[in-house]
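Secondary and tertiary structure notes
In case you want the letters, here they are:
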Amino acid sequence: MRRHQKIWLLAVVAIVAFAHDPASGRGQPGQPDDGSCYFREYGSAHLKKHPDQLVKRVRVLIQRSVGSGNAQQSYAMSIDVDIRGRSSTYSAVTECEWDEGWRFEEPLLSCAVECDGGGVGASFSDNKESLLLYLKQPEGLGRLVVGRSGHGCDRSTDPDTSFELTEESDDKVFKLFAVSPAECTPLKAYGISEPDSK
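A brief report on the enclosed structure follows. Note that the structure is a prediction, hence the values are computed from the model and not measured.

Quick notes on the state of the cysteines
Taken as a whole and judged by the stated rule, the model has 2 disulfides. Covalent S-S linkage joins C37 and C184, the inter-sulfur distance amounting to 2.0 Å. Taking the sign of the S-S torsion, about 80° here, the bridge from C37 to C184 comes out right-handed. One end of the pair, C37, is in strand β1 (residues 36-41); the other, C184, is in the segment after β10 (173-179), and 147 residues separate them in sequence. What makes C37 buried here is its relative accessible area of 2%. Accessibility expressed as a relative area gives 0% for C184, which makes it buried.

Written out as structure tokens, the structure reads:
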């Protein structure tokens, strides 16, 4: 093999290794990058066609961490939503792991909401420009409990403090689109620490 071909091959190998290296902040194919931000606001025309959809706006921040002593990837996801008929913004903080499909039908990010708040699944387009966020459980009814922003797990002060979304409403799947990470800066206040500096 000629010298320039060897150099080209080594460069390709290095790029691939970097893309799969947890320390690089880049997710593997189909997996999110560290600090990814996704957003969707539903217009009046969409909501008119879906009168049973409660969510008007949804935003998601995904941060990645590496398990101590191994390369197992885990994630943290924070979510905030605006809901029809309510003036407050509601949020949830989750812990997630990549699920290769042994519990679900397809690979996805499987997330559990703190304080027994249900869970969500997330799958990503190949180019990571869009995300499908959905209430999906291996068994039983999918549900997501969101709390009024800044209240964390405190849901006992009044009935308006929290809200539960279920698959019984028209809130089963949300298609979100990648936006600048700066758009998700407010979500960092909901209990997810900033990623370690690279």
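A short note on the packing of aromatic side chains
Here the structure, examined in full by the defined rule, presents 2 aromatic pairs. Ring geometry for Y38 versus F124: centroids 5.9 Å apart, planes at 55°, classification tilted. Pair noted here: Y38 is in strand β1 and F124 is in strand β6 (residues 119-124), with a separation of 86 residues, a long-range link. Taken individually, Y38 and F124 each receive the classification buried, so the pair is uniform in this respect. When the ring of Y42 is compared with that of F174, the centres are 6.4 Å apart and the planes differ by 55°; the resulting orientation is tilted. In this pair, Y42 is assigned in the loop between β1 and α2 (44-49) and F174 in strand β10, connecting sequence segments 132 residues apart.

Observations concerning the nonpolar core
Counting 31 residues, the largest nonpolar core has I62, M77, L109 and L133 as the members making the most contacts within it. Sorting elements by how many residues they give to this core places strand β3 (residues 73-83) first, with 5 residues. Excluding its chain neighbours within four sequence positions, the residues that come into contact with L109 are P32, I62, Y75, M77, C96, E97, W98, V120, G121, A122 and F124. By size, the runner-up hydrophobic cluster in this structure holds 6 residues, among which are V93, C184, L187 and Y190.

A look at the environment of Y90
Tracing the sequence through the fold places Y90 in strand β4 (residues 89-99). Given a relative accessible area of 0%, Y90 falls into the buried group. Sequence-wise, Y90 and F163 are 73 residues apart; in three dimensions their C-alpha atoms are separated by 7.7 Å. Only 3.1 Å separates the side chain of Y90 from the side chain of R86, close enough to count as a polar contact.

A few points about the environment of V81
With respect to the helices, strands and loops of the structure, V81 is situated in strand β3. For V81, a relative accessible area of 2% gives the class buried. Once the C-alpha coordinates of V81 and S91 are considered, the two residues, 10 residues apart in sequence, prove to be 6.3 Å apart. Once residues lying within four places of it in the same chain are set aside, the contact partners of V81 are V55, R57, V58, S88, T89, Y90 and V146.

As for the pattern of salt bridges
The final tally for this structure, using the stated rule, is 5 salt bridges. The partner of D80 in a salt bridge is R57, and the shortest N-O contact between them spans 3.3 Å. A residue pair is termed long-range when its members are at least 10 positions apart, and D80 in strand β3 and R57 in strand β2 (residues 55-66) qualify at 23 residues. Owing to a relative accessible area of 11%, R57 belongs among the buried residues under this scheme. For R57, the salt bridge is made with D82, and the minimal N-O distance between the two is 2.8 Å.

A short note on unusual backbone geometry
At K128, a residue that is not glycine, the phi angle is positive and equals roughly 65°. Checked against the element boundaries, K128 lands in the loop between β6 and β7 (130-134).

Some thoughts on the environment of R86
Mapping R86 onto the fold places it in the loop between β3 and β4. A relative accessible area of 26% means that R86 is categorised as partly exposed. A C-alpha to C-alpha distance of 9.9 Å links R86 and F163, two positions 77 residues apart in sequence. Reaching out from R86, the side chain makes a polar contact with the backbone oxygen of S162 at a distance of 3.5 Å.

About the criteria used
- Residues numbered from 1 in each chain as written.
- Predicted model: local features only at pLDDT ≥ 70, side-chain atom pairs only at ≥ 80, totals over all residues.
- Heavy atoms only, no water.
- Disulfide = S-S within 2.5 Å.
- Helix = DSSP H or I, 4+ residues; strand = E, 2+ residues; numbered from the N terminus.
- Buried < 20%, exposed > 50% of the residue type's maximum accessible area, 1.4 Å probe, protein only.
- Phe/Tyr/Trp six-rings, centres within 6.5 Å; stacked < 30°, edge-to-face > 60°.
- Core = buried A, V, L, I, M, F, W, Y, C linked by side-chain atoms within 4.5 Å.
- Contact = heavy atoms within 4.5 Å.
- Polar contact = N/O pair within 3.5 Å; in protein donor to acceptor, adjacent residues only side chain to side chain.
- Salt bridge = Lys/Arg side-chain N within 4 Å of Asp/Glu carboxyl O.

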